[in-house]
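# Breakdown of the fold
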Amino acid sequence: MQLPDNLPHVSLMEGVTPLQEMPRLREALMSDGRACPQLYIKRDDLTGLAGGGNKTRKLEYLIGDALQKGADTVITAGALQSNHARQTAAAAAKMGLAAHLILFETVPYEDPAYSTSGNLLLDRILGAEVHRQAKDADARAVFEEVTEKIRASGGTPYLIPVGGSNAVGSTAYAQVFLEIQDQAKAAGITVDRIFHANGSLGTQAGLLAGRALTNGGPKVEGISVSKPTRESLLGELLDIANLTSERIGGSLVQEEDVRVEFRHLGDGYGMPTEGMVSAVELVARTEGLLLDPVYTGKAMAGMIAAILNGEIGETETLVFLHTGGMPGLFAYPNEFKSK
Ligand SMILES: Cc1ncc(COP(=O)(O)O)c(C=O)c1O
């Protein structure tokens, strides 16, 4: 099955990302004699654009839309260490657009590296204009000010929402749902669940729209790294999912299809947890794979906890969607200790 081919799109990556087994992680989780489901990882950290990640996929549709609308400048927002902002800067550079990043000091994490290194360093190298804002700055006012400034100097701005999470961006993850199904079929496996990090909700919304398009398939298991409760995200998630579904000609996403776990958020977005550190180190030391401290580390902690708590059947096959974010490790150098 394919998405409609008339949706505006630019090419920022080539081909499909690998779907790989994680045999040594599985072995480590079985070390005390327990059974473990089959474990695969979908490598969307390998999308190839300036460090990779899930935003490359969303930006293929968002920049496609921006160009169709005649824009020459993109504006987006996020936290200081936003992977989305870094990917937007890279996509803009590749497509010859200017990029303005409005970055808020929302994470109370006190390490000098957090406010100088990681994604922020890459934003500068990629040539984006960074507008750094205090935590309590009036986001709407800052957006308007930046937009006006661009217009006044003759530019045509296009606003990309936080995380690229609207129906345009989320279309990419409906595509990824189909891609995983195709890869699973080719590998002769049936995927029961896809685990992933849930931030600005567009990835889960897109996966669910893909699932609605195919009328079933793996359950989509979001691990929240930002919103604290089901009530705080359900309405927005269903809105994005159903607008995406409408855009690609699928059926309605139902409330009961939205599965999100909140136990791995810890003290909030961007704040490290013990589970995140253990998951990042375990995956690095068994599979040679680097996760990130804000999203995929907490999501992996969630998948591992679900396995160890016996919430997953031992005959199931799980796919962990690696959504990237590795540059964020350099913003948290003091969380990780030598073996
Ligand atoms: C590395 C990484 N993983 C996962 C996510 C979450 O994706 P979404 O914002 O679509 O929920 C993000 C979003 O910023 C991210 O940067």
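In this text the structure is predicted, and so the values were computed from the model without any measurement. (Residues numbered from 1 in each chain as written. Predicted model: local features only at pLDDT ≥ 70, side-chain atom pairs only at ≥ 80, totals over all residues. Heavy atoms only, no water.)

## Description of the domain arrangement of the protein
Domain boundaries assigned for the protein yield domain 1 (19–53 + 165–335) and domain 2 (55–164). Using only C-alpha atoms to locate each centre, domain 1 and domain 2 end up separated by 24 Å. Contacts between domain 1 and domain 2 engage 37 residues on the former and 30 residues on the latter. Together, the buried faces of domain 1 and domain 2 total about 2,500 Å²; carbon and sulfur atoms form 59% of this surface. Linking domain 1 to domain 2 there are 2 salt bridges. Here Arg-57 makes a salt bridge to Glu-179, at a shortest N to O gap of 2.9 Å. Where the side of domain 1 that touches domain 2 is concerned, the elements lending two or more residues are helix H6 (167–187) and helix H7 (202–213). (Domains from an automatic or database assignment. Contact = heavy atoms within 4.5 Å. Buried area = accessible area lost by both parts, 1.4 Å probe. Salt bridge = Lys/Arg side-chain N within 4 Å of Asp/Glu carboxyl O. Helix = DSSP H or I, 4+ residues; strand = E, 2+ residues; numbered from the N terminus.)

## With respect to the packing of aromatic side chains
For the structure on display, the rule yields 4 aromatic pairs. Ring geometry for Tyr-269 versus Tyr-295: centroids 5.8 Å apart, planes at 70 degrees, classification edge-to-face. With Tyr-269 in the loop between strand E9 (259–261) and helix H9 (274–287) and Tyr-295 in the loop between H9 and helix H10 (296–308), this residue pair connects regions lying 26 residues apart in the sequence. (Phe/Tyr/Trp six-rings, centres within 6.5 Å; stacked < 30°, edge-to-face > 60°.)

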